[in-house]
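As a plain string of letters, each chain reads:
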Amino acid sequence: MKLVLFAAAAAAAAATAARAEVLFREDFGDGWRERWVDSTSKGDEAGKVDVSAGKWYGDAAEDAGLQTTQDARFYQVSAAIEKPFSNKGKTLVLQYSVKHEQNIDCGGGYVKLLPAGLDQASFNGDSDYNVMFGPDICGATKKVHVIFNYNGKNHLIKKEIACESDDKSHLYTLVVRPDNTYEVRVDNDKKESGSLEDDWDMLPPKKINDPNESKPDDWDDRVQVPDPDDKKPDDWDDIAAEIPDPDAEQPDDWDEELDGDWQAPMIDNPEYKGEWEPKMIDNPAYKGAWEHPQIDNPDYEPNDSLYAYDSHAFVGFEIWQVKSGTIFDRILVTDDVAEAEAEAEKFLESQKKEKEMYDRIKDEERKKEEEERKALEDAEEADEAAAEADEAEAADADADADADA
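Residues numbered from 1 in each chain as written. Predicted model: local features only at pLDDT ≥ 70, side-chain atom pairs only at ≥ 80, totals over all residues. Heavy atoms only, no water.

1. Overview of the overall build of the protein chain
Next, step 1: Of regular secondary structure, the protein chain possesses 5 helices and 22 strands.
Next, step 2: Its C-alpha atoms give the protein chain principal-axis dimensions of about 115 × 110 × 55 Å.
Next, step 3: The 405 residues of the protein chain split such that 36% are buried.
Next, step 4: For the protein chain, long-range pairs separated by at least 24 residues make up 74% of all intrachain contacts whose partners lie at least 6 apart in sequence.
Next, step 5: Taking the average location of the 46 positive side-chain charges in the protein chain and that of its 102 negative ones, the two points are 15 Å from each other. (Helix = DSSP H or I, 4+ residues; strand = E, 2+ residues; numbered from the N terminus. Buried < 20%, exposed > 50% of the residue type's maximum accessible area, 1.4 Å probe, protein only. Contact = heavy atoms within 4.5 Å. Lys, Arg positive; Asp, Glu negative; His and termini not counted. Charge placed at Lys NZ, Arg CZ, Asp CG, Glu CD.)

In structure tokens form, the structure reads like this:
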């Protein structure tokens, strides 16, 4: 019996593995230039891309990725998916790495999945897309975008997901499942998850305020009210808001015949208490905050296919960057979470090596800066010593001249 169950389980696992597909993979190796098409939409404002591993990396060949190379430019570049696909009934995984080596201050780092019909030569910000995912940084804004197009409208996630903002490589993963759930990972750590229906406004709300109900006229929702027994003191209004400045003195050159009677300037009265208001007490008639009764929304219709798109045909970057230097790599589109996790493990090993190289470079830069600072200080001290020696020599010469005289 156990052998039968094991064989059945093995057969099921093999069938699952056989069905799993890598739908798009790009590591920017040989032939990348033929696969990626630059848009001409922005003309002279379009930035050029190249392939580079950057200044720090785990492996120079494996970590070479698509790099932005010109400041203050638009980047609009896309690649066709060899076999366009629908993710209906399947998990969709979109994963790629981003390295903002330039320590980006304002610019996008997100990727798009686009449907069939895209004219790659005119790819631009108005081009229809299915999914937009990845980091966006500008000033205090440092977040991960997760945007889905539904019924022709782009819907932003209602949650805030923080992105990485340093100058090292990070891996971004979006998993969308056929049960209308999702997960966002950064460096293979889960950062957010939930329901497509709950976390996006793709569908009308299930409940709405009952249009036939309104707050009763006698509903008292004031937490506190003025105390009816509190009375204003009889002498309250006798205290003026301003008084003559007691420290002011008449100027010595004041001429009463020419200038009239001198009057001290007015200042705020420290004893003035302002307009009188009765003290507040708890409202004995308080009924609490009124809640509008809810009813089922007649416009709401559930949709168990929010996750699904008929056609994923292109992968593209459509971004603006003030400072260039970002490197995109390890792009993976698959229906197999295990495949993405295996690639993530490889990335994490490379990330460790990259950090080791990064730390060495930064240590060398600090040492060089310290040596240059020390050399500058030594040169300044030598100049000062030489100047002092020149002054002493000049003084001795003057003394000898006086003695001879």
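2. Focus on the packing of aromatic side chains
Next, step 1: Taken as a whole and judged by the stated rule, the model has 13 aromatic pairs.
Next, step 2: With 4.9 Å between their ring centres and 55 degrees between their planes, phenylalanine 74 and tryptophan 320 make a pair best called tilted. Residue phenylalanine 74 is found in strand E5 (residues 73–85), and its partner tryptophan 320 is found in strand E21 (residues 312–321); the two are separated by 246 residues along the sequence.
Next, step 3: Judged by relative accessible area, tryptophan 320 falls into the partly exposed class, the value being 33%.
Next, step 4: Arranged with centres 5.0 Å apart and planes meeting at 65 degrees, the rings of phenylalanine 148 and tryptophan 200 form a pair that is edge-to-face. Taken as a pair, phenylalanine 148 in strand E10 (residues 141–150) and tryptophan 200 in the loop between helix H3 (196–199) and strand E15 (207–209) lie far apart in primary sequence, 52 residues in all.
Next, step 5: The buried category is assigned to tryptophan 200, whose relative accessible area is 1%.
Next, step 6: Three or more aromatic residues link up through ring pairs in this structure, and these residues are Phe24, Phe28, Trp32, Trp36, Tyr96, Phe133, Tyr172, Phe317 and Phe328.
Next, step 7: Directly above the aromatic system of phenylalanine 74 lies the positively charged group of lysine 42, at a separation of 4.2 Å from the ring centroid.
Next, step 8: Positioned over the ring face of tyrosine 358 is lysine 168, at 4.2 Å from the centre of the ring. (Phe/Tyr/Trp six-rings, centres within 6.5 Å; stacked < 30°, edge-to-face > 60°. Lys NZ or Arg CZ within 6 Å of the ring centre and 35° of its normal.)

3. A few points about the pattern of salt bridges
Next, step 1: A complete count under the given rule lists 28 salt bridges for this structure.
Next, step 2: Residue glutamate 318 pairs with lysine 112 through a salt bridge whose shortest N-O separation is 3.2 Å. Of this pair, glutamate 318 sits in strand E21 while lysine 112 sits in strand E8 (residues 111–114), and the two are 206 residues apart along the sequence. Grouping residues by exposure puts glutamate 318 and lysine 112 together as buried.
Next, step 3: Note that lysine 215 is salt-bridged to aspartate 221, the shortest N-O span being 3.0 Å.
Next, step 4: A relative accessible area of 37% means that lysine 215 is categorised as partly exposed.
Next, step 5: Residue classification places aspartate 221 among the partly exposed residues on the basis of a relative accessible area of 33%.
Next, step 6: One connected set of salt bridges, linked through shared partners, spans Arg25, Glu339, Glu343 and Lys346. (Salt bridge = Lys/Arg side-chain N within 4 Å of Asp/Glu carboxyl O.)

4. A word on the nonpolar core
Next, step 1: Judged by nonpolar contacts, the single largest core of 59 residues is most densely connected at Trp36, Tyr96, Phe133, Val146 and Phe148.
Next, step 2: The residues contacting valine 146, other than those within four sequence positions of it, are Met132, Phe133, His155, Leu156, Ile157, Ile161, Leu174, Val184 and Trp200.
Next, step 3: Among the nonpolar cores identified, the runner-up in size contains 5 residues, and Val175, Leu332, Val337 and Ala340 belong to it. (Core = buried A, V, L, I, M, F, W, Y, C linked by side-chain atoms within 4.5 Å.)

5. Quick look at the side chain of glutamine 351
Next, step 1: By secondary structure assignment, the location of glutamine 351 is in helix H5 (residues 337–404).
Next, step 2: Reaching out from glutamine 351, the side chain makes a polar contact with the side chain of aspartate 187 at a distance of 3.4 Å. (Polar contact = N/O pair within 3.5 Å; in protein donor to acceptor, adjacent residues only side chain to side chain.)

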